[in-house]
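Coordinate analysis (summary)
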Amino acid sequence: MAEAAVAEQSTTARPAAAEGTGRFASLPRWATGTFWIWPALLTLGFGIRGSWRPELWRDELASWSAAERSTGELWNMLGHVDAVSGAYYLLLHFWIGWFGDSVASMRLPSALAMAGSAAFVALTGRKLFNTWAGLVAGLLFAIVPSVSVYSQQVRGYAFVVLFVAAGTWALLRAVERPTWPRWLGYAFCVAMAGLFHMISLVFLLPHAIIVLLRWRESGNRKLLWAFPAAVVVALAPLVPLVIIGQRQVGRQISWIQTPVLDSFPDFWSGVFGSPLVSAIFLAMTVMPLAWNTSRRRALEIGVTAALPIGAVYLISQGSTSYFMDRYLLFTVPAWCVVAGAAVTAMRPRVVMAVVFLLGTGYLGMEAQQDLRKTQSHERSDERAAARLIAKDYRQGDGIVPVRGDQAYMMMDHAMEYYLPRSVKPVDVFAAQSPIQRNDLFASDCADPNACIGSLQRIWMVTFADGDDPYKGMPAAEADALKAKFDVYQTNKVRAITVTLLERKH
């Protein structure tokens, strides 16, 4: 046991010693202790830059619709749909109450979460290898296009990345010195990751492997029961969410197809936000094993990056598929640590790091530019459509946002969000609003003729792309409108057709 203890002490000391070597040795202690700030600030800068420009896409509109309800209404909705996103919706609810619901404001929490993730990426790289590896890993994380994409989305994926990255760092600290405060910190990260997205809990598989490797390395049996205990503490509060989520799974993700091997090119492109950037990262995975002396540490972080993807791929061969690039975005921090270790193993270290960072940034530049365009999230232009309606709106007008088979496009939420608060047309064919239904979708009127009532003017907003503005409308609703109204004017805005109907005389 004495020999094992000496071996453990020697092994764990190696990365720490590396932090003081090279150019970092001449820097003051405060500089090496705060190196993680620079990746965090760079990530935040990319996350904020142009975040107000792209329009909200349908999933973001769903987040806004849920979050702008009262806490009671939100709680009632989660009992019927989207319970697995409840933690994010609740956070966004309070954020909107404090800072408003502008596009830039609602996207800011995701940018902050990604900035925090960058800090943990850098800290994990230092914990496993050295400060140079951590710094390069954090900077790589900042310039990955997908990190910027989800820094600018009103969805909870950035928070999943944050808590998985924090959890990996917390685990490394706990296995290094297994005290209860450290294990409780790890349990908190696991619980929060699960709250924000249940699929992320597959990261416990590689974490279990890390614990086993560290046990074999140190002989510390405390690891064999402290880790399971922390996991149980973390998962216990999630049991009700798992039960409710399983009841809703058919409605939530039944559209995701079972993956095949041919799915991987598009998958990798989605995970990193660019096919070229994904190719660079995948090519770097073998480098730590070839060049870095800390091969066991490289194996640990490599398993953390790859195993969740393989596990979800296999699980998705069953009745329900979970294989989506954004569902596995939380693996990006580990991939960045792998790449950071590989780059800093090359010599000359500084030159290679600069070349790799600039090269990766250049390859991802087009994707970075595209994601900040107005229609980068959706091809349609709901904001312009709302401006057309607001320009000629009259008190008492009705509105028919296309639903039916296209209800998932959230056109009704888009019009509600982008129309000025003073413009409140009647939703003609909505028998019950989403809030009344405790849902994200309104219920359609059973008798369209009765729902039209005495309305004199109706704005119809559809995705019609030809001469028929009624294309995509449910047949009964289209027939009722045609019988009572004439087309007064039609305007096309990108993929959207805005039609003003006036009652026949």
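Residues numbered from 1 in each chain as written. Predicted model: local features only at pLDDT ≥ 70, side-chain atom pairs only at ≥ 80, totals over all residues. Heavy atoms only, no water.

What follows concerns the pairing of strand S1 (residues 398–401). With burial as the criterion, each face of S1 is covered, one bearing Gly398 and Val400 and the other bearing Ile399 and Pro401. When S1 meets strand S2 (residues 426–427), the two strands line up parallel, connected through 2 bridges. Across the sheet, the residue bridging to Ile399 is Asp427, located in S2. By the bridge criterion, 4 bridges tie S1 to strand S5 (residues 457–462) in an arrangement that is parallel. Counterpart to Ile399 in the pairing with S5 is Trp459. (Buried < 20%, exposed > 50% of the residue type's maximum accessible area, 1.4 Å probe, protein only. Helix = DSSP H or I, 4+ residues; strand = E, 2+ residues; numbered from the N terminus. Pairing = 2+ DSSP bridges.)

Attention now goes to the packing of helix H12 (residues 204–218) against helix H18 (residues 295–315). Interhelical geometry of H12 versus H18 gives an angle of 155 degrees and a closest axis separation of 8 Å. It follows from the interaxial angle that H12 and H18 lie roughly antiparallel. Considering the relative orientation of H12 and H18, their crossing is right-handed. Facing H12, whose interface residues are Leu205, Pro206, His207, Ile209, Ile210, Leu213, Arg214 and Glu217, H18 presents Arg296, Arg297, Leu299, Glu300, Val303, Thr304, Leu307, Pro308 and Ala311. Grouping the constituent residues of the contact of H12 with H18 by class yields 10 nonpolar, 2 polar and 5 charged. (Axes fitted to C-alpha atoms, helices over the stretch in contact; angles between N-to-C directions. Parallel < 35°, antiparallel > 145°, perpendicular 65-115°, else oblique. Left-handed = near helix turned anticlockwise from the far one by under 90°. Contact = heavy atoms within 4.5 Å. Nonpolar A, V, L, I, M, F, W, Y, C, P; charged D, E, K, R; others polar.)

So, on to the state of the cysteines. Tallying each qualifying case throughout the model produces 1 disulfide. One disulfide in the model links Cys445 with Cys451; its S-S distance is 1.7 Å. Here Cys445 and Cys451 share a disulfide; its torsion about the S-S bond, 80 degrees, makes the bridge right-handed. With a relative accessible area of 12%, Cys445 lands in the buried category. Its relative accessible area of 27% is what places Cys451 among the partly exposed residues. (Disulfide = S-S within 2.5 Å.)

Note on strand geometry: in a regular strand, side chains alternate between the two faces of the sheet. By the bridge criterion, 8 bridges tie strand S6 (residues 485–493) to strand S7 (residues 496–503) in an arrangement that is antiparallel. From the neighbouring strand, Val487 faces S7, where its bridge partner is Leu501.

A separate point is the side chain of Ser200. Mapped onto the elements of the fold, Ser200 is located in the loop between helix H11 (180–196) and H12. Among the polar contacts listed, one links the side chain of Ser200 to the backbone oxygen of His197, at a separation of 2.7 Å. Excluding residues that lie within four positions of it along the chain, Ser200 makes contacts with Val160, Val164, Ala193, Gly194 and Phe330. (Polar contact = N/O pair within 3.5 Å; in protein donor to acceptor, adjacent residues only side chain to side chain.)

Here we take up the side chain of His413. Relative to the helices and strands, His413 is located in helix H23 (residues 411–418). A relative accessible area of 2% places His413 in the buried class. Engagement of the side chain of His413 in a polar contact is seen with the backbone oxygen of Leu440, the distance being 2.7 Å. Setting aside anything within four residues of it in sequence, one finds His413 in contact with Leu61, Trp64, Ser65, Pro434 and Leu440.

The tendency in soluble globular proteins is for nonpolar side chains to be buried side by side. Trp183, Tyr186, Met415 and Leu481 are the most contacted members of the largest nonpolar core, which has 151 residues in total. Residues within four places of Trp183 in sequence aside, it is in contact with Leu171, Ala174, Val175, Pro178, Leu223, Ala226, Phe227 and Ala230. (Core = buried A, V, L, I, M, F, W, Y, C linked by side-chain atoms within 4.5 Å.)

Let's shift gears to the pattern of salt bridges. Overall, the coordinates contain 17 salt bridges when judged by the stated rule. Measuring nitrogen to oxygen at the nearest pair gives 3.3 Å for the salt bridge that ties Glu217 to Arg296. Of this pair, Glu217 sits in helix H12 while Arg296 sits in helix H18, placing them 79 residues apart in sequence. Here Asp397 and Arg457 are joined by a salt bridge, their closest N and O atoms 2.8 Å apart. Within this pair, whereas Asp397 is found in the loop between helix H22 (382–392) and S1, its partner Arg457 is found in strand S5, the two being separated by 60 residues in sequence. (Salt bridge = Lys/Arg side-chain N within 4 Å of Asp/Glu carboxyl O.)

On the surface, Leu90, Phe94, Trp98 and Phe99 cluster together into a nonpolar patch covering about 470 Å² of accessible area. By the element assignment, Phe99 lies in helix H6 (residues 86–99). (Patch = residues over 30% accessible without salt bridge, like charges linked within 9 Å, V, L, I, M, F, W, Y side chains within 5 Å. Areas by Shrake-Rupley, 256 points an atom, 1.4 Å probe, with all protein chains shown as cover.)

Time to look at helix H16 (residues 275–284). Looking only at H16, the buried set comprises Val277, Ser278, Phe281 and Met284. Taken down its axis, H16 places every buried residue within 130 degrees of arc, on the same side. (Arc of directions from axis to C-beta.)

Here we come to the packing of H16 against helix H20 (residues 349–363). The N-to-C vectors of H16 and H20 enclose an angle of 145 degrees; their axes lie 8 Å apart at closest approach. For the pair H16 and H20, the sense of crossing is left-handed. Taken together, the residues of H20 that come into contact with H16 (itself represented by Leu276, Val277, Ile280, Phe281 and Met284) are Phe356, Thr360 and Leu363. For the contact of H16 with H20, the class distribution of residues is 7 nonpolar, 1 polar and no charged.

When pLDDT is averaged along the protein, the result is 90; 92% of the residues meet or exceed 70. Ranking the elements of the protein by mean pLDDT puts helix H1 (residues 2–19) last with 40 and helix H10 (residues 157–176) first with 98. Taken as a whole, residues 1–22 scores under 50 in pLDDT and shows 19 contacts with residues more than four places along the chain or in a different chain. (pLDDT = per-residue confidence, 0-100.)

Here we take up the environment of Ser263. Its location among the elements puts Ser263 in the loop between helix H14 (239–253) and helix H15 (264–272). Separated by 61 residues in the primary sequence, Ser263 and Met324 place their C-alpha atoms 9.9 Å from one another.

The next subject is the sheet that holds S5. Spatially, the 5 strands line up as an open sheet ordered S2-S1-S5-S7-S6, and their pairing is mixed. Taken across any chain shown, the strands that pair with only one partner, and hence form the sheet edges, are S2 and S6. Helix-sheet contacts for H23 involve S1, S2, S5 and S7, and the interaxial angle to S1 is about 135 degrees.

Below, the discussion takes up the layout of surface pockets. When its volume is computed, the largest pocket comes out at roughly 960 Å³. Forming the boundary of the largest pocket are 33 residues, of which Asp82, Gln252, Ile253, Trp255 and Tyr327 lie nearest the centre. Elements with a contribution of two residues or more to the lining of the largest pocket: helix H4 (58–67), H6 and H14. Top element by residues in the lining of the largest pocket is H14. It accounts for 7 residues. Looking at the lining of the largest pocket residue by residue, the class counts come to 21 nonpolar, 6 polar and 6 charged. (1 Å grid on protein atoms, 1.4 Å probe; cavity = no way out; pocket = protein on both sides within 12 Å on 5 of 7 lines; lining within 4 Å. Points joined across faces, edges and corners; volume = space filled by probe spheres on them.)

A separate point is the environment of Arg58. Position of Arg58 among the secondary structure elements: in helix H4. The class for Arg58 is partly exposed, based on a relative accessible area of 24%. Along the primary structure Arg58 and Gly310 are separated by 252 residues, whereas in three dimensions their C-alpha atoms are 29 Å apart. The residues contacting Arg58, other than those within four sequence positions of it, are Glu378, Tyr408, Met409 and Met410.

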